[in-house]
Amino acid sequence: MSSLKPVYTGKATATGGGRDGHVVTDDKRIDLDVRRPEEMGGDGQGTNPEQLVGAGWAACFNGAVHAILDQEKISVSRDPEVEVLATINKSDSGMVITADITATFFDLDQEQADDVVSKAHDMCPYSNAMKTVDTTVTAKVA
């Protein structure tokens, strides 16, 4: 097993009622009320864990896409966009998250886009951390 060398640690604290509470990071850059969405019986008047996971994963995956583009020396005139749908689902064993990741490229052909997305998915720390999450990854050429 390789030794881990921490580079950065993000610290967040949740208080209140979990999905009806508050989250804040130690630097206060995130300081949000968390509310259950209307679809889950809440008032929908705050963000929710699925949105937070989706935002973090999208940013991380987009960083991996850019790293692969740099590594492969592929230049683009418009930055790719990454959308993550983080869905909470009921299952026989409880609640589980699934994810759909779509990376949209504006300057690549489909074969290049598919290759970049595959490599980015292998590189992305969120993708690696979420290995147990049923995830669909798609490259889209616009």
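Residues numbered from 1 in each chain as written. Predicted model: local features only at pLDDT ≥ 70, side-chain atom pairs only at ≥ 80, totals over all residues. Heavy atoms only, no water.

- Per an unreviewed UniProt entry, the protein chain is named Organic hydroperoxide resistance protein-like 2, and its organism is Corynebacterium otitidis ATCC 51513.
- Taken from UniProt, the Sequence similarities (unreviewed entry) comment for the protein chain reads in full: "Belongs to the OsmC/Ohr family." (UniProt positions renumbered as here; feature names shortened; annotations may be inferred.)

So, helix H2 (residues 110-123)
- The end-to-end C-alpha distance of H2, which contains 14 residues, comes to 20 Å, matching closely the 20 Å that a straight helix rising 1.5 Å per residue would cover.
- Three or more residues of H2 are buried, namely Ala113, Val116, Val117 and Ala120. Along the long axis of H2, the arc covered by the buried residues comes to 100°, so they all point the same way. In H2, those exposed residues whose orientation departs by more than 90 degrees from the buried face are Glu111 and Asp122.
- The inward-facing, buried residues of H2 contact helix H1 (49-71), strand E5 (94-105) and strand E6 (134-141).
- If you check the start of H2, you find a side-chain oxygen 3.2 Å away from the backbone N of Glu111, and it comes from Asp109. (Helix = DSSP H or I, 4+ residues; strand = E, 2+ residues; numbered from the N terminus. Expected span 1.5 Å × (residues − 1). Buried < 20%, exposed > 50% of the residue type's maximum accessible area, 1.4 Å probe, protein only. Arc of directions from axis to C-beta. Contact = heavy atoms within 4.5 Å. Polar contact = N/O pair within 3.5 Å; in protein donor to acceptor, adjacent residues only side chain to side chain.)

A few points about the packing of H1 against H2
- Relative to each other, H1 and H2 sit at 120°, their axes nearing to 8 Å. One element, H1, and the other, H2, form an angle in the oblique class. The way H1 lies across H2 gives a crossing that is right-handed. Counted together, Phe61, Ala64, Val65, Ala67, Ile68, Leu69 and Gln71 of H1 and Val116, Val117, Lys119, Ala120, His121 and Met123 of H2 form the full contact between these two elements.
- Looking at side-chain class alone, the contact of H1 with H2 contains ten nonpolar, two polar and one charged residues. (Axes fitted to C-alpha atoms, helices over the stretch in contact; angles between N-to-C directions. Parallel < 35°, antiparallel > 145°, perpendicular 65-115°, else oblique. Left-handed = near helix turned anticlockwise from the far one by under 90°. Nonpolar A, V, L, I, M, F, W, Y, C, P; charged D, E, K, R; others polar.)

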